[in-house]
Amino acid sequence: MQSTAPCPPARRSITRARLLDAPLDDLLRELNVELHLSSITDSDFVLVVQRGDGSLVLSMSPGRPRWERDTVTRAMLGQAIGVPLGALLEPYQLTKI
């Protein structure tokens, strides 16, 4: 199913290098993404949702190390905006539903 939500201009022009190298806070702001720490404490929980206006909400369980939150966030964003970054290392796995 294709989304009919608008795609912000920044999202259409983002490169793989920018997605990997930009400071995460700058990237989230640029791509209009809200990052929330969920009340769900299952360490496997991560979710990205596209709102009707095209903005994204990324939610993950609290207590993850900063490097893990950064890596998983970038991988989820890459998948959500169509910028392939390659597979994550085990034990991480992204599933699109």
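Below you will find a few notes about this structure.

## Some details on the overall build of the protein chain
A tally of helices and strands in the protein chain yields four helices and three strands. The order of α-helices and β-strands along the protein chain, N terminus first, is α-α-α-β-β-β-α. Taken over 97 residues, the protein chain has a buried fraction of 31%. Taking the contacts inside the protein chain whose residues are at least 6 apart along the sequence as the reference set, 46% of them involve residues at least 24 apart.

## Brief notes about helix H4 (residues 66-81)
With 16 residues, H4 extends 22 Å between its outermost C-alpha atoms, agreeing within 8% with the 22 Å of an ideal straight helix rising 1.5 Å per residue. Among the residues making up H4, those that are buried are Glu68, Val72, Thr73, Arg74, Ala75, Met76, Leu77, Gly78 and Ile81. Immediately beyond the C-terminal end of H4, within one or two residues, lies Gly82, with a positive phi of roughly 80°.

## Let's talk about the pairing of strand E3 (residues 56-60)
Within E3, five of the five residues are buried, leaving the element largely enclosed by the surrounding structure. By the alternation rule, side chains of E3 split into Leu56, Leu58 and Met60 and Val57 and Ser59, which are all buried. For strand E1 (residues 33-37) and E3, the ladder comprises five bridges, and the chain directions are parallel. Paired with Glu34 across the bridge in E3 is Val57.

## Regarding the sheet that holds E3
In spatial order, the strands read E1-E3-E2; together these three strands make up an open sheet with mixed pairing. Two strands bound the open sheet, and with one partner strand each, they are E1 and strand E2 (46-50). Averaged over all adjacent pairs, the angle separating strand axes in this sheet is 15°, with direction ignored. Here E2 runs beside E3; their pairing, made up of five bridges, is antiparallel. By the bridge assignment, Val48 is partnered in E3 with Leu58. Against the sheet, H4 makes contact with E1, E2 and E3, and its axis sits at roughly 145° relative to E3, the strand it touches most.

## Observations concerning the nonpolar core
Membership of the largest hydrophobic core comes to 16 residues, with the highest contact counts inside it found for Ile14, Leu27, Leu31, Val33, Leu77 and Ile81. Sorting elements by how many residues they give to this core places H4 first, with four residues. Each residue touching Val33, except ones within four places of it in the same chain, is listed here: Leu28, Leu56, Leu58 and Leu77.

Reading guide: rules and limits
Residues numbered from 1 in each chain as written. Predicted model: local features only at pLDDT ≥ 70, side-chain atom pairs only at ≥ 80, totals over all residues. Heavy atoms only, no water. Helix = DSSP H or I, 4+ residues; strand = E, 2+ residues; numbered from the N terminus. Buried < 20%, exposed > 50% of the residue type's maximum accessible area, 1.4 Å probe, protein only. Contact = heavy atoms within 4.5 Å. Expected span 1.5 Å × (residues − 1). Pairing = 2+ DSSP bridges. Axes fitted to C-alpha atoms, helices over the stretch in contact; angles between N-to-C directions. Core = buried A, V, L, I, M, F, W, Y, C linked by side-chain atoms within 4.5 Å.

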